[in-house]
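# Summary of the model geometry
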Amino acid sequence: MDEERPAPLRWLGSAALIGGVPVLLLALMALSGKADPGAALLAMALTALAALALARRWLGNLARLAAVLRRAAAGEGDWPGPPSAPPLLPALAEVSQGVARLARSLAERGELLERMRRADAAILESLPDPLLVLGADRAALRANAAARALFGARAAEAGPLAGDAAALLRHPALAGAVDRALAEGTRQAADVVLPVPVPRELAAQVIPLDPPLFDGGRLVVLLSDRTRERAVERMRADFVANASHELRTPLASLMGFIETLRGPARDDPEARARFLDIMAEQSERMRRLIEDLLGLSRIELAEHQAPTDRVALAVLARGEAEAMAPILASRHVSLSLELDEAAIAAPADAEQLAQVLRNLLENAVRHGQQGGEVKLAVARQGGARPGVTMSVTDDGPGIAREHIPRLTERFYRVDKARSRHAGGTGLGLAIVKHIVNRHRGQLHIESREGEGATFKVWLPAE
């Protein structure tokens, strides 16, 4: 309350406390005749002046000490005062020294705490596994670089995450683990499967913090991405199953021709030449099949990791069109190009997008009319979903509506005999689908029987 009063009033109040009793005694002595009234009056005036001077000095000293304490509380260290300031009263000198030591100690502790906070933040930021810090309200307070990469946030965003992180925290398995950790105060584990934008499998550890962190963090959620490990397991099983199924027919053919060449056709040059051509064709088919299976497996392993580059689609399409020239010539097919030079896909992987174009063009040439036309278009797309598109259109027999949803399945063929005769492995569109998924894009197939087919790929853009 005294700080709200004007300085003169504070001085008068303090002076009254200091000199009030001596002045009162002198007045009583003068009134009772025990002291000369003139001398008593002079003594009273001198006492009042001395009390005012002492009160002003006392309040000035206290104000300096209060300033030191305020600066120490703000973490600004001790403040001895300007060089021209009068010295402290003896009674306050020791208090001032103690306050100065306290201020320095508080400043050192504040610096130590700040260094520890920065060190903790640096350690969390550099951890290879995604990590979230949750508050008592289960909201994300902090996320490290690995978590921001997992949820697609920009590297500069070091604060709480929204979107995918919020969806993850609402996942029933993880939400249950968070509730148990808060209620029981013990570490909890949960397995989480995120179906979009591509399937991801995460192992979560929820660790309660007691006492909580300085920013109110009560829980640490440590995530381990098990998508790659699960994909490797499925890849091994699928490779064995698919390879054993698809390789059985060409292997049986090779074994039959070898037995024939060893037996009845041993001395038949004409049959031997015909059988060797068929064996070479079957061997080439097996080679393509194994290469496509291995390529598909590699793509699936990295499907959950989004690409990071940018790709000029017109340049990419022009290069693939030139590479397809021998195949186009062999089928007497003409290729028309409609390329938007400003179409830039980002984030994107140039090698994988080239594989998408190559597979779509090969399908169009293989299933289109001999001597027909294939159209390749690259364009920007606006509207509600801005991005870029690549489309390949053929003039083939078209695809019945009931087959379109299954075209991207492994080894699915609308016309098995025609597809095998044309040299297809049944994996091209499956490869396209997984590459498009990795790019967080979409594959659209439009076709009617007798009217050809259009395969359009939408990709995010800059």
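Scroll up a little and you will see the structure.
For the structure given in this document, a descriptive report is provided here. Numbering of residues starts from 1 in each chain and follows the order in which that chain's sequence is written. Totals for whole chains, interfaces and linings use all residues, but because this is a predicted model, local features are given only for residues with pLDDT of at least 70 and pairs of side-chain atoms are given and counted only at 80 or more. Remark: hydrogens and water are excluded; side-chain values derive from all non-hydrogen atoms of the structure.

## Overview of the pattern of salt bridges
Within this document, salt bridges are pairs made up of a side-chain nitrogen of Lys or Arg and a carboxyl oxygen of Asp or Glu, the two lying within 4 Å of each other. Counted by the stated rule, this structure contains ten salt bridges. For Arg 287, the salt bridge identified is with Glu 291, shortest N-O distance 2.6 Å. With Arg 287 and Glu 291 both in helix α9 (residues 269-301), this residue pair falls four residues apart, about one helical turn. Glu 291 gets classed as partly exposed once you look at its relative accessible area, which sits at 43%. The closest approach of N and O atoms between Arg 318 and Glu 341, which form a salt bridge, is 2.5 Å. One end of the pair, Arg 318, is in helix α10 (residues 313-323); the other, Glu 341, is in the loop between β7 (334-339) and β8 (344-348), with 23 residues separating them in the sequence. Here a helix means four or more residues in a row that DSSP labels H or I, a strand means two or more in a row labelled E, and each is numbered from the N terminus. Burial classes: relative accessible area under 20% of the type maximum marks a residue as buried, over 50% as exposed, and values in between as partly exposed (1.4 Å probe, protein chains only).

## Here's the deal with the environment of Leu 337
Considering the arrangement of structural elements, one finds Leu 337 in strand β7. Using a relative accessible area of 37% as the deciding quantity, one classes Leu 337 as partly exposed. Distance in space between the C-alpha atoms of Leu 337 and Val 392 is 9.7 Å, their sequence separation being 55 residues. Residues contacting Leu 337, with those up to four places away along its chain left out, are Ala 321 and Leu 376. Throughout, a residue-residue contact means that at least one pair of heavy atoms, one from each residue, lies within 4.5 Å.

## Observations concerning the packing of α10 against helix α12 (residues 350-367)
The contact between α10 and α12 brings their axes to 10 Å, and the two run at 50 degrees. When the interaxial angle is binned, α10 and α12 end up oblique. Handedness of the α10/α12 crossing: right-handed. Of the residues in α12, those touching α10 at Leu 313, Leu 316, Ala 317 and Glu 320 are Ala 350, Leu 353, Ala 354, Leu 357 and Arg 358. Residue polarity follows a fixed list, in which Ala, Val, Leu, Ile, Met, Phe, Trp, Tyr, Cys and Pro are nonpolar, Asp, Glu, Lys and Arg are charged, and the others, Gly among them, are polar. Of the residues contributing to the contact of α10 with α12, the split by class is seven nonpolar, no polar and two charged. The axes used here are C-alpha line fits, helices contributing only the stretch in contact, and every angle between their N-to-C directions lies in the interval 0 to 180 degrees. Each angle gets one of four labels, with under 35 degrees taken as roughly parallel, over 145 as roughly antiparallel, 65 to 115 as roughly perpendicular, and the rest as oblique. By definition, any crossing whose near helix is turned counterclockwise from its far helix by less than a right angle is left-handed, and any crossing with a clockwise turn is right-handed.

## With respect to the sheet that holds strand β12 (residues 453-459)
For two strands to pair, DSSP has to find at least two bridges joining them. Spatially, the five strands line up as an open sheet ordered β7-β9-β10-β12-β11, and their pairing is mixed. Each edge of the open sheet carries a strand with a single partner, namely β7 and β11 (442-447). The mean inter-strand angle of the sheet, taken between neighbouring strand axes irrespective of direction, is 15 degrees. α12 contacts β7, β9 (373-381), β10 (387-394) and β12 of the sheet and is inclined by roughly 25 degrees relative to β10.

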